[in-house]
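Tertiary structure, described
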Amino acid sequence: MASVNEDSVRANEGAAKQLLVASATKTLPKKNNKKKLTKHLDNIKDRFAWKTIAGFCIPYIVRLVDGKHLKFVSTQMGEHLLLKKYLHNLDADIYRSCTDVRGFVITDLEAKVLNYINDKHYGKDFKFLAGKDYIVRLEDFCNFYMFIEVCYTKLLCNNTSGHKDKCGFICIGSESIVPYCTIDSKKYVPIFFFEGDTDHLIPSTLKLVNWHLAYLKFCCKLLGVKAKWFDGDTWLVTDLNHIKSLYPPETEFEDFWPPHLSDSYLFAYRKSKHDKPPGPWFKASLDVVTDVNTIHHNSTAPTPAVPQSKEVMINQMPQQKQQQQQEITTPVVQAHNNSNNPAYKVQLATLEGKFINCINAKPGIYSDFVVTLKDLVRTVLPPCTVAKCAHVLYKYLKTTLIFGKPEQLAVLWEKGLIWSVNPGDTPMAKLEDIKQVLPQLKTLVSMEDKEIEKII
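Residues numbered from 1 in each chain as written. Predicted model: local features only at pLDDT ≥ 70, side-chain atom pairs only at ≥ 80, totals over all residues. Heavy atoms only, no water.

1. Quick notes on the overall build of the chain
Note the cut-off: Counting from the N terminus, the helices are DSSP H or I runs at least four residues long and the strands are E runs at least two residues long. We call a residue buried when its accessible area falls under 20% of the maximum for its residue type, exposed when it is over 50%, and partly exposed in between, using a 1.4 Å probe and counting protein chains only. Whether two residues touch is decided by their heavy atoms; if any such pair falls within 4.5 Å, the residues are in contact.
Each helix and strand in the chain was counted, giving 13 helices and 21 strands. Per-residue burial for the chain yields a buried fraction of 49% across its 456 residues. Taking as baseline every contact in the chain between residues at least 6 positions apart, the subset at least 24 positions apart corresponds to 72%.

2. What to know about the nonpolar core
This is how the line gets drawn: What makes a nonpolar core is a set of buried Ala, Val, Leu, Ile, Met, Phe, Trp, Tyr and Cys residues whose side-chain atoms join them at distances within 4.5 Å.
The biggest cluster of nonpolar side chains holds 73 residues, and the ones touching the most others in it are Ile 53, Leu 83, Phe 144, Phe 147, Phe 169, Phe 218 and Trp 281. The dominant element in this core, judged by the number of residues it contributes, is helix 6 (residues 138-155), at 12 residues. Those residues in contact with Trp 281 that sit more than four places away from it in its chain are Thr 75, Glu 79, Leu 83, Leu 87, Tyr 95, Thr 99, Val 101, Val 136, Phe 141 and Phe 144. Counting residues in hydrophobic clusters, the runner-up holds 30 residues, among them Ile 356, Val 377, Cys 389 and Leu 438.

3. Considering unusual backbone geometry
Positioned with a positive phi, Ser 185 is a non-glycine residue whose angle comes to about 70°. In this fold, Ser 185 is placed in the loop between strand 7 (176-183) and strand 8 (186-190). With phi around 55°, Asn 210 is a residue other than glycine that occupies positive phi space. Relative to the elements of secondary structure, Asn 210 occurs in helix 7 (residues 210-223).

4. Comments concerning the packing of aromatic side chains
Quick note on the threshold: The pairing test for Phe, Tyr and Trp rings, Trp by its six-membered ring, is centres within 6.5 Å, and the orientation test on the planes gives stacked under 30 degrees, edge-to-face over 60, and tilted for anything in between.
Evaluation of the coordinates by the stated rule reveals 17 aromatic pairs. Ring geometry for Phe 147 against Trp 211: centres 6.2 Å apart, planes inclined by 55°, an arrangement best described as tilted. You can see Phe 147 sitting in helix 6 and its partner Trp 211 sitting in helix 7, a full 64 residues away along the chain. Of the two residues, Phe 147 and Trp 211, neither departs from the other in class, the shared state being buried. Aromatic side chains Tyr 247 and Phe 253 sit 5.2 Å apart centroid to centroid with 90° between the ring planes, which places their arrangement in the edge-to-face category.

5. Here's the deal with the sheet that holds strand 13 (residues 283-284)
Rule in force here: For two strands to be treated as a pair, DSSP must find at least two bridges joining them.
An order of 1-2-3-5-4-13 is seen for the six strands of this open sheet, with the pairing classed as mixed. Two strands close off the open sheet at either side, each with one partner strand: strand 1 (48-53) and strand 13. Bridge analysis of strand 4 (residues 102-105) against strand 5 (residues 134-137) gives three bridges, and the strand direction is antiparallel. By the bridge assignment, Gly 103 is partnered in strand 5 with Val 136.

6. A look at helix 5 (residues 108-122)
Test applied: Every helix has an expected span of 1.5 Å times one less than the residues it contains.
Look at helix 5: 20 Å from first C-alpha to last across 15 residues, which is about the 21 Å you get at 1.5 Å a residue. Once helix 5 finishes, Gly 123 follows within two positions and takes phi at roughly 65°, a positive value.

7. A short note on the sheet that holds strand 21 (residues 427-430)
Note the threshold: Interaxial angle, 0 to 180 degrees, is taken between N-to-C directions of lines fitted to C-alpha atoms, where a helix line uses only the stretch in contact.
Pairing is antiparallel in the open sheet, where five strands are placed in the order 17-18-19-21-20. Pairing within the sheet leaves two strands with one partner each, and these edge strands are strand 17 (346-351) and strand 20 (402-403). Strand direction decides the pairing type here: strand 17 and strand 18 (residues 354-362), joined by six bridges, are antiparallel. In the strand pairing of strand 18, Val 346 is matched with Ile 359. Contacts from helix 9 (residues 373-380) reach strand 17, strand 18, strand 19 (365-372) and strand 21, with the element oriented near 160° to strand 18.

8. Some thoughts on helix 11 (residues 406-414)
We apply this condition: Here the arc refers to the set of directions running from the helix axis out to each C-beta atom.
For helix 11, every residue scored as buried is listed here: Gln 408, Leu 409, Val 411 and Leu 412. Angularly, the buried residues of helix 11 cover 160° about the axis, an arc narrow enough to put them on a single face. Looking at the residues trailing helix 11, positive phi occurs at Gly 416, about 75°.

Written as structure tokens, this is what we have:
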């Protein structure tokens, strides 16, 4: 499906507005037209118009709120015309934790308008009921569609999307991976990724809200950032160029996007004959949310608390000579258990700068992870086979192989990461053990046993 063309959306905004006014003025005299438009909004045909989004004509209705004519889209129609593909294929946690779209129940008259549109233009089986069905702001719908299309495209690792630069990752010195979002062609990274004295970063910070924040949250979700950071409506971010100035000139900063994300747990597709209904993508609200600015400059806001070193993986970040050395944090691993968390949970970790799926070794404890040898081979040992990898690890590198518990295997199977729940079909190893022997493993898997025995 084509992505939203923002210029096209703005152009059609004016066309839709003219259509709305034109339909209202067919039976009205030109004099005092604007005042009489409000009076005649009860006329069904004058209550809706059209906007083109991604090549589809989407109907929107008009609601009078505080003297302003605001435009709304039916959630049912929006799902049917544009969102269905994405909602069925993406894990609902992406849009539940990253976006904040407000939905409002429809009135009797709005139900009549939507049913009229449905009968005349679509003829679908669903019927709109006042007090039960929802509408969302047209602006929010356009932004949500753009967001979910970008997420879907990026999880497919198809970076031909016109919105590919909205967010991503920067690999710093081939060691640290930091998420960013792009605002006015500048890249911004979250302050809470940095430990130590961050006061000197404050003058270059922005307070990130709304849809720019949604894209940054999406990237952080891929990294496994702890859920508590997703509760906030604002994040402090700083210009990546300022961060670069704190490193030696020879430090490399490379754009990075992990491969194989189509196998990630964030893809909710199932090999089932029956589609699961998508999760709710909006939150019910009684009041219309007024417009707010996307970004506010903030030179005095306090820096949020940073994760403790026990909860994250720490890398050193050099500073300017007159400043103390700080630490840069890649919060890939979530360490502490929460009684509300499931016993086993699939997360993403980094191995040689690449993402790899992992699962906790013990129920409810998220500080010790195991990886399947299938994922290990695919991520860092592509020429090798799982059998060869297991053989070298066990016989020559003396690494303990693990065969998963039924509960672990059930979670991996549900996420589409394994094809069998038979423990013997899915050998695994501890992530930390793999990190220690990986250089040797990469060398030995390309050798025959006789060659290996000569050097070990």
